Amino acid sequence: MASNLAEDITDDPDLISKLPDTLLTEIISQLPVDEAVRTSILSRRWHGLWRYVSRLDFDPKRMMKPSKQILYREQIISQRLGINSLSRDVKKEIFHAVMMINKVLFSHRCNLISCKIIHFHDSCKYGQLEKWIEYLIAEKGVQELALTCEDCPNSQQNFMGRFSNLKLSLPSGIFSCTTLHALELTHYQLETDSPFDHCHNLKTLKLKWLSLTTETLDGIMSTCDCLEHLSLCFCTGFNRVRVVSENIKTVELESLNVHEIYLSTKSLGVLVLDSLKCPAKNLVINAPKLRVFRAYRNLKLENPNKIVRDPDAKPLKVAEILEHCSGLLRPENDQGYDHPKDNSSLFENLWILSIDLDLNNIREVLILSFMLRVCTHLQQLEINIQEMHSELEEAITSDHSTQNCSLPYPESMLWDKRELCDCITHTLSQASIKGFEGKERELEFVRHLITKATVMKRINICCNDSCSREGAEATLRLLSLPRSSINVSIVLNPGPEFESAEVGAKFERWILTLK
């Protein structure tokens, strides 16, 4: 039997070509357009199959000759610096790439599930982009559409200076096609919400690196009244985000600088807040059915010195978000952190909590303890330990952290003295801590999880590369603690640099390399 199978394979090694057309076109759909078209030369069996793929992914740079791609990158950098413009050869190659998009698009012979087009800014200025959109919507019944203007600087500061070349001027209601349910726009200036008129079809909207006014954003949110998933990332020009909806399920806000954020939706299940600049008191969230909450603060996107010198411009610390959204700072809770009343409904149904937090800051540790009390159904906890990035910022926060943080017992006894939370004793089954350095306050929290979490199944600790040998050894000793859950698995991971250098690196071997 085995020998007969081997003979069949030897006689006809091209088994993939024997697959039905539906499977072959699905395979080709995963390729960029230029590679998908090239599959026609594989054999007569593959000829023209790309015309029936369900997804098209256009990147005009890939349609340029390799030598011209290099020349294009060099000249576009010079152009951004104001040194010179694109050469005639490069412009000719760009024109050829745009014509290839037209040829492929108009040669395609069936409806599309999704289409992604990365284009040069001239396609936006001269109306080519509008023609592509209209054709995709009217003739292809496209369901998911992603548009990106490629000719754009990498930094936000330079990008803002070039918005005048990236204006997205489209007819009113162009996105209102009944088949279109997902739209992504990247690198444009959107002057009006008219393209979204009567846009009751959209379920998913992602706006990245866009410039738009508050009125335009409000208009989009008003007309797209059936939205279920909203993402605003690196967008500018507006001072308020206001979402009031009975349908929206997922909201992602990243790197926004606004004066107010107001979210009110009973259907919201997932909320992601990343590196936001907004007064904490103006962050209002009403989402009683929230299941997943993720909050981060990426300082790599900012100049740390600027953050400290200009307090109004610094991204919100996750601890501040938790304070204001959990009800911890309400007047009735202003009695110290030890026994605040629970008046919050935002987090009471939460299943997953993923946050940046400094476990070595007593104020943030107390906020965490309050959050665990509020999150009565919490199943999964993820903490990325984020410490202060400057002495001045640490001093400012340290002064503030002493307010209302006095404890009637030593700090080392904090977790022992706190009343056990419902999630610790009934629901919390997974915990992950990254950036671990084996410092005392970090160890105290993990000891609490190991010895008190009765249904815990897995504790994953990822150490930092800057961890000392003493801290790593203290972390290793956690394995010898008595465990409240007999099913818990405790996994210790060495620093990322060591782990990437040695496949399957063991924690004990990593300790020997530390000082």
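Residues numbered from 1 in each chain as written. Predicted model: local features only at pLDDT ≥ 70, side-chain atom pairs only at ≥ 80, totals over all residues. Heavy atoms only, no water.

### Section: the overall build of the protein
Helix and strand counts for the protein come out as 19 helices and 17 strands. The burial tally for the protein puts 51% of its 515 residues in the buried class. With an accessible surface of roughly 25200 Å², the protein has 50% of that area assigned to carbon and sulfur atoms. (Helix = DSSP H or I, 4+ residues; strand = E, 2+ residues; numbered from the N terminus. Buried < 20%, exposed > 50% of the residue type's maximum accessible area, 1.4 Å probe, protein only. Areas by Shrake-Rupley, 256 points an atom, 1.4 Å probe, with all protein chains shown as cover.)

### As for empty space enclosed by the protein
By the definition in use, this model includes 2 cavities of 30 Å³ or more. Considered as a void within the structure, the second largest cavity measures approximately 30 Å³ in volume. Contributing to the lining of the second largest cavity are Ile362, Val365, Glu411, Leu414, Trp415, Arg441 and Glu444. Those elements that place two or more of their residues in the lining of the second largest cavity are α12 (362-374), α14 (414-417) and α16 (440-452). (1 Å grid on protein atoms, 1.4 Å probe; cavity = no way out; pocket = protein on both sides within 12 Å on 5 of 7 lines; lining within 4 Å. Points joined across faces, edges and corners; volume = space filled by probe spheres on them.)

### Some words on the pairing of strand β7 (residues 240-244)
Burial along β7 is one-sided: Val241 and Val243 are buried, while Arg240, Arg242 and Val244, pointing the other way, are not. In this structure, β7 lies alongside strand β9 (residues 260-264), joined through 5 bridges in parallel fashion. By the bridge assignment, Arg242 is partnered in β9 with Tyr262. (Pairing = 2+ DSSP bridges.)

### Here we look at helix α11 (residues 318-326)
Note: α-helices contain 3.6 residues per turn, so residues at a spacing of three or four share the same orientation. Here α11 lies mainly inside the structure; 7 of its 9 residues are buried. Within α11, burial applies to Val318, Ala319, Ile321, Leu322, Glu323, Cys325 and Ser326. Positive backbone phi, approximately 90°, marks Gly327, located one or two places after α11.

### Things to note about the nonpolar core
Of all hydrophobic cores here, the largest spans 143 residues; its most connected members are Phe196 and Phe293. Broken down by element, the residue count for this core peaks at 9 residues, all from α12. (Core = buried A, V, L, I, M, F, W, Y, C linked by side-chain atoms within 4.5 Å.)

### Quick word on the packing of helix α5 (residues 88-107) against helix α7 (residues 128-138)
For any two helices packed against each other, the geometry comes down to the angle between their axes and how far apart the axes lie. At a minimum axis distance of 12 Å, the contact between α5 and α7 shows a crossing angle of 10°. Judged by the inter-axis angle, α5 sits roughly parallel to α7. Residue-level inspection shows Val98, Ile101, Asn102, Leu105 and Phe106 of α5 in contact with α7, the latter providing Gln128, Trp132, Tyr135 and Leu136. For the contact of α5 with α7, the residue count by class is 7 nonpolar, 2 polar and no charged. (Axes fitted to C-alpha atoms, helices over the stretch in contact; angles between N-to-C directions. Parallel < 35°, antiparallel > 145°, perpendicular 65-115°, else oblique. Contact = heavy atoms within 4.5 Å. Nonpolar A, V, L, I, M, F, W, Y, C, P; charged D, E, K, R; others polar.)

### Focus: unusual backbone geometry
One can expect most non-glycine residues to show negative phi and most peptide bonds to be in trans. In this model, Phe234 sits at a positive phi of 60°, which is unusual for a non-glycine residue. On the secondary structure map, Phe234 appears in the loop between β6 (229-233) and β7. Note on Phe234: relative accessible area 17%, which makes it buried. Although it is not a glycine, Ser275 sits at a positive phi angle of roughly 55°. Assignment of secondary structure puts Ser275 in the loop between β10 (270-274) and β11 (283-286). Judged by its relative accessible area of 3%, Ser275 falls in the buried class.

### Notes on the packing of α11 against α12
Two numbers describe how α11 lies on α12: the axes approach to 10 Å, and their chain directions differ by 40°. Looking at the two axes, α11 sits oblique to α12. Our pair here, α11 against α12, has a crossing hand that is left-handed. Only Arg363, Glu364, Ile367, Phe370 and Met371 of α12 make contact with α11, whose side of the interface consists of Ala319, Leu322, Glu323 and Ser326. Counted by class, the contact of α11 with α12 contains 5 nonpolar, 1 polar and 3 charged residues. (Left-handed = near helix turned anticlockwise from the far one by under 90°.)

### Here's the deal with the environment of Pro315
In this structure, Pro315 sits in the loop between α10 (304-309) and α11. Since its relative accessible area comes to 0%, Pro315 is described here as buried. Once the C-alpha coordinates of Pro315 and Pro279 are considered, the two residues, 36 residues apart in sequence, prove to be 9.3 Å apart.

### Examining the side chain of Asn282
Following the sequence through the fold, Asn282 ends up in the loop between β10 and β11. Asn282 has contacts with His259, Glu260 and Ile261, leaving out every residue within four places of it along the chain.

### A few points about the packing of aromatic side chains
Geometrically, a pair of aromatic rings is defined through the distance of the ring centres and the angle of the planes. Scanning the model with the defined rule gives 6 aromatic pairs in all. For the ring pair Phe106 and Tyr135, a centre distance of 4.6 Å and an interplane angle of 85° mean the geometry is edge-to-face. Of this pair, Phe106 sits in helix α5 while Tyr135 sits in helix α7, placing them 29 residues apart in sequence. In this structure, Arg291 packs its charged tip against the face of Trp351, placed 4.9 Å from the ring centre. (Phe/Tyr/Trp six-rings, centres within 6.5 Å; stacked < 30°, edge-to-face > 60°. Lys NZ or Arg CZ within 6 Å of the ring centre and 35° of its normal.)

### A short note on the sheet that holds β7
The strand order across the open sheet formed by 3 strands is β7-β9-β11, and the pairing between neighbours is parallel. Strands at the two margins of the open sheet, each flanked by one partner only, are β7 and β11. For this sheet, the mean angle separating the axes of adjacent strands, direction not counted, is 5°.

### A closer look at the confidence of the model for the protein
Scored by pLDDT, the protein comes out at a mean of 83, with 80% of its residues at no less than 70. Contacts from residues 5-9, a stretch scored under 50 in pLDDT, to residues over four places away or in other chains number 1 contact. Note that residues 389-403 has pLDDT below 50 and, in this model, 14 contacts with residues that lie over four places away or in other chains. (pLDDT = per-residue confidence, 0-100.)

### Remarks on α12
Between its terminal C-alpha atoms α12 stretches 19 Å, which fits the 18 Å expected from 13 residues at 1.5 Å a residue. Among the 13 residues of α12, 13 are classified as buried, and the element is accordingly described as predominantly covered. N-cap assignment for α12: the residue whose side-chain oxygen lies 3.0 Å from the backbone N of Arg363 is Asn361. (Expected span 1.5 Å × (residues − 1). Polar contact = N/O pair within 3.5 Å; in protein donor to acceptor, adjacent residues only side chain to side chain.)

### Notes on the side chain of Thr216
With respect to the element layout, Thr216 can be found in helix α9 (residues 214-223). Classification of Thr216 as buried rests on a relative accessible area of 3%. Leaving out residues up to four positions away in the same chain, Thr216 has contacts with Leu190, Glu191, Thr192 and Asp193.

### A look at the environment of Arg109
Assignment of secondary structure puts Arg109 in the loop between α5 and β2 (114-119). Residues Arg109 and Arg51 lie 58 residues apart in sequence; the distance between their C-alpha atoms is 5.5 Å. Apart from the residues within four sequence positions on either side, Arg109 is in contact with Arg51, Tyr52 and Lys140. One polar contact links Arg109 to Tyr52, side chain to side chain, over a distance of 3.4 Å.

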